[in-house]
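# A look at the structure
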Amino acid sequence: MLALHSPHKTIFHRWPAELKLTFLLSITTLLFVINDLLILGIFSLLPFAAAVSQGRLFFKFLLKLLWPLWPFITIICLWHGFTGQVEAGLRVLLRMVAAVGFANLVTVTTAMDKLIKVIFTCLRPLRRFGLRPEPIAFAIGLFIRFTPVLIEKSAILAQAYRARTSKYGNWRIVLPLALIAVDDADHIAEAIRARGGLEQL
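This report concerns the structure included in the present document. Everything quoted here is computed from the prediction, not taken from an experiment.

Helix length check: helix H6 (residues 112-123) (12 residues) gives 16 Å between terminal C-alpha atoms against 16 Å at 1.5 Å per residue, within 8%. All of the buried residues in H6 are Met112, Leu115, Ile116, Val118, Ile119, Phe120 and Leu123.

Written out as structure tokens, the structure reads:
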């Protein structure tokens, strides 16, 4: 599950998690305010330019994480091409690539414990309402890490199905993907119990 944490150390690994998450929130909000295609194009290139500055291996690692987006890119291109709204579709694509690029850049350079610590700090006021923020922060941290992994595994399943049948998997991979998700969740639960459970948070 933690395979998306980059093995290639960069300058971004040394940046505080609070700063990176604040930047990510600000930049993704800004993306939906901007409509100019040129500016959106520049924003979509920025995370990859930052990756290039940290070496070829890190750039290839970050670029590889975009592969699971191809089904969404295909659907957006087909739909907006069919409706004739090419510029609107291009805006959606640029926003998506930019947002995912920045999110991946933050995710792969931030340790999970630091991520959870920031989320916990934001949720601390919930104690006033009798809620423990620790399990909630832990669940959010798991969700952030687990979602891109599940997307990547769905892409691998689709490729495997297409290699065997020369057809797209579509709904046929839903059941095996659900079984993989349940199996991963079971392994994660065992790991949590082996470390004392959520009571230790």
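Still more to cover.
So, on to the packing of helix H2 (residues 37-52) against helix H3 (residues 56-64). H3 packs onto H2 with a crossing angle of 150 degrees between their chain directions and a minimal axis gap of 7 Å. For the pair H2 and H3, the contacting residues are Pro47, Phe48, Ala51 and Val52 in the first and Phe58, Phe59, Leu62 and Leu63 in the second.

Quick look at the environment of phenylalanine 61 now. Relative to the elements of secondary structure, phenylalanine 61 occurs in helix H3. Overall, phenylalanine 61 belongs to the buried group, its relative accessible area being 18%. When the C-alpha positions of phenylalanine 61 and proline 7 are compared, they lie 9.2 Å apart, and in sequence the two are 54 residues distant.

On to the packing of helix H1 (residues 17-31) against H6, then. Here H1 crosses H6 at 70 degrees, and the two axes come no closer than 9 Å. In this view, H1 runs roughly perpendicular relative to H6, as classed from their interaxial angle. Note that H1 runs across H6; the crossing there is right-handed. On the side of H1, the interface is formed by Ala17, Glu18 and Leu21, while H6 contributes Lys114, Leu115 and Val118. Among the residues forming the contact of H1 with H6, the class breakdown is four nonpolar, no polar and two charged.

Let us look at the side chain of threonine 110. Looking at the secondary structure, you find threonine 110 in the loop between helix H5 (86-108) and H6. With a relative accessible area of 2%, threonine 110 lands in the buried category. At 2.6 Å, the side chain of threonine 110 and the backbone oxygen of valine 106 are in polar contact.

Rules and cut-offs
- Residues numbered from 1 in each chain as written.
- Predicted model: local features only at pLDDT ≥ 70, side-chain atom pairs only at ≥ 80, totals over all residues.
- Heavy atoms only, no water.
- Helix = DSSP H or I, 4+ residues; strand = E, 2+ residues; numbered from the N terminus.
- Expected span 1.5 Å × (residues − 1).
- Buried < 20%, exposed > 50% of the residue type's maximum accessible area, 1.4 Å probe, protein only.
- Axes fitted to C-alpha atoms, helices over the stretch in contact; angles between N-to-C directions.
- Contact = heavy atoms within 4.5 Å.
- Parallel < 35°, antiparallel > 145°, perpendicular 65-115°, else oblique.
- Left-handed = near helix turned anticlockwise from the far one by under 90°.
- Nonpolar A, V, L, I, M, F, W, Y, C, P; charged D, E, K, R; others polar.
- Polar contact = N/O pair within 3.5 Å; in protein donor to acceptor, adjacent residues only side chain to side chain.

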